Amino acid sequence: MGTLTRRLVLLLLLCTLGGALWYLATHSSSSLRPGPPPVEPIGTPPATPPPTPLPDLAAGPTPAPATGQTTASPGSETPVASPPPPESPFQLGSADTSPAMDPATVLGNMRNAVNHYGSMFGGNPVGTNPEITRALNGENPRQAKFISEDLGLRINGRGELVDYWGTPFFFHQLSGTEMEIRSAGPDKKLWTADDLVIK
């Protein structure tokens, strides 16, 4: 074959290959595009669920399910979830009203309450926030209370002492007589730049 024939054959092969690639690229992307939604024929009634049978009133009242559990309603096969328990109101203070003092004062009053406890009992209260809260709120050998709403201290519905913004304090025992108390600050997230910390 001459040089010109080889070049024409090579050009023909390149054109064929390019055309095949173009065809694959355009047809494969168009096959991935979603088509129009299926159209239901006119006059076809929409599918309706079967009617739910009524409970048998002669059998008596159905006992209320325990919180967080699911039970089947009479005559139905689908479990019904019971509603979550309502949020408990604050045990001390209000969830809707911040203390009438600045956040640093509230944190300082929290430290003073811990220090007064330590002076009376020779060491700080220990444990989780609810355990420390109970100890400071009268569950101690002398039934002494070290916290009050006048100090800007509040106890939420879970029995935790909370900061100015209503977030539970984080208590970190450094020694038997020294405790670090951390407030999450206005962003209500611990270990961020706006945390307030006192010892």
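Quick caveat, the model's predicted, so the values are computed rather than measured.

**Side note on the sheet that holds strand E6 (residues 179–183)**
Reasoning step 1: In spatial order, the strands read E5-E6-E7; together these three strands make up an open sheet with antiparallel pairing. Only two strands of the sheet have a single partner each, and these edge strands are strand E5 (170–173) and strand E7 (196–198). Within the sheet, the average angular offset between the axes of one strand and its neighbour, ignoring direction, is 15°.
Reasoning step 2: Inspection of the sheet shows E5 paired to E6 by four bridges, in the antiparallel sense. Note that in E6 the partner of His172 across the bridge is Glu180.
Reasoning step 3: In this fold helix H2 (residues 103–121) packs onto E5, E6 and E7, with an angle of close to 30° to the strand it touches most, E7.

**Describing the nonpolar core**
A general trend in soluble globular proteins is that nonpolar side chains are found buried together.
Reasoning step 1: The biggest cluster of nonpolar side chains holds 21 residues, and the ones touching the most others in it are Met110, Leu136, Leu161, Phe169, Phe171 and Ile181.
Reasoning step 2: Ranked by the residues each element gives to this core, the list is headed by H2, at six residues.
Reasoning step 3: If we skip the residues at most four places from it in the chain, Ile181 touches Leu107, Met110, Arg111, Val114, Phe169, Phe170, Phe171, Leu196, Val197 and Ile198.

**Brief notes about the confidence of the model for the protein chain**
Reasoning step 1: When pLDDT is averaged along the protein chain, the result is 78, and 69% of the positions lie at 70 or above.
Reasoning step 2: Mean pLDDT values for the elements of the protein chain range from 49 in strand E1 (residues 70–72) up to 95 in helix H3 (residues 129–136).
Reasoning step 3: This stretch, residues 67–71, has a pLDDT under 50; its non-local contacts, to residues over four places away or in other chains, come to 13 contacts.

**Concerning unusual backbone geometry**
Reasoning step 1: A positive phi angle, near 55°, is found at Gln143, a position not held by glycine.
Reasoning step 2: Mapped onto the fold, Gln143 is located in the loop between H3 and strand E3 (154–155).
Reasoning step 3: Residue Lys188 is not a glycine yet carries a positive backbone phi of 60°.
Reasoning step 4: Here Lys188 is to be found in the loop between E6 and E7.

**Concerning the packing of aromatic side chains**
Reasoning step 1: Applying the stated rule across the entire model yields six aromatic pairs.
Reasoning step 2: Between Phe121 and Phe146, the ring centres sit 6.4 Å apart and the planes meet at 70°, which makes this aromatic pair edge-to-face. Of this pair, Phe121 sits in helix H2 while Phe146 sits in the loop between H3 and E3, and the two are 25 residues apart along the sequence.
Reasoning step 3: Classification of Phe121 by relative accessible area gives partly exposed; the value is 26%.
Reasoning step 4: The structure contains a cluster of three or more aromatic residues connected by ring pairs, namely Tyr117, Phe121 and Phe146.

**So, H3**
Reasoning step 1: Among the eight residues that make up H3, six are buried, leaving the element largely enclosed by the rest of the structure.
Reasoning step 2: What H3 keeps buried is the set Asn129, Pro130, Ile132, Thr133, Ala135 and Leu136.
Reasoning step 3: Positive backbone phi, at 115°, marks Gly138, one or two positions downstream of H3.

**Focus: H2**
Reasoning step 1: In a regular helix each residue adds 1.5 Å, so 19 residues correspond to 27 Å; H2 covers 28 Å between its end C-alpha atoms and thus fits that length.
Reasoning step 2: Those residues of H2 not exposed but buried are Val106, Leu107, Gly108, Asn109, Met110, Ala113, Val114, Tyr117 and Gly118.
Reasoning step 3: Elements in contact with the buried residues of H2: H3, strand E4 (161–162), E5, E6 and E7.
Reasoning step 4: Sitting at the head of H2, Asp102 places a side-chain oxygen 3.3 Å from the backbone nitrogen of Ala104.

Conventions we followed
- Residues numbered from 1 in each chain as written.
- Predicted model: local features only at pLDDT ≥ 70, side-chain atom pairs only at ≥ 80, totals over all residues.
- Heavy atoms only, no water.
- Pairing = 2+ DSSP bridges.
- Helix = DSSP H or I, 4+ residues; strand = E, 2+ residues; numbered from the N terminus.
- Axes fitted to C-alpha atoms, helices over the stretch in contact; angles between N-to-C directions.
- Contact = heavy atoms within 4.5 Å.
- Core = buried A, V, L, I, M, F, W, Y, C linked by side-chain atoms within 4.5 Å.
- Buried < 20%, exposed > 50% of the residue type's maximum accessible area, 1.4 Å probe, protein only.
- pLDDT = per-residue confidence, 0-100.
- Phe/Tyr/Trp six-rings, centres within 6.5 Å; stacked < 30°, edge-to-face > 60°.
- Expected span 1.5 Å × (residues − 1).
- Polar contact = N/O pair within 3.5 Å; in protein donor to acceptor, adjacent residues only side chain to side chain.

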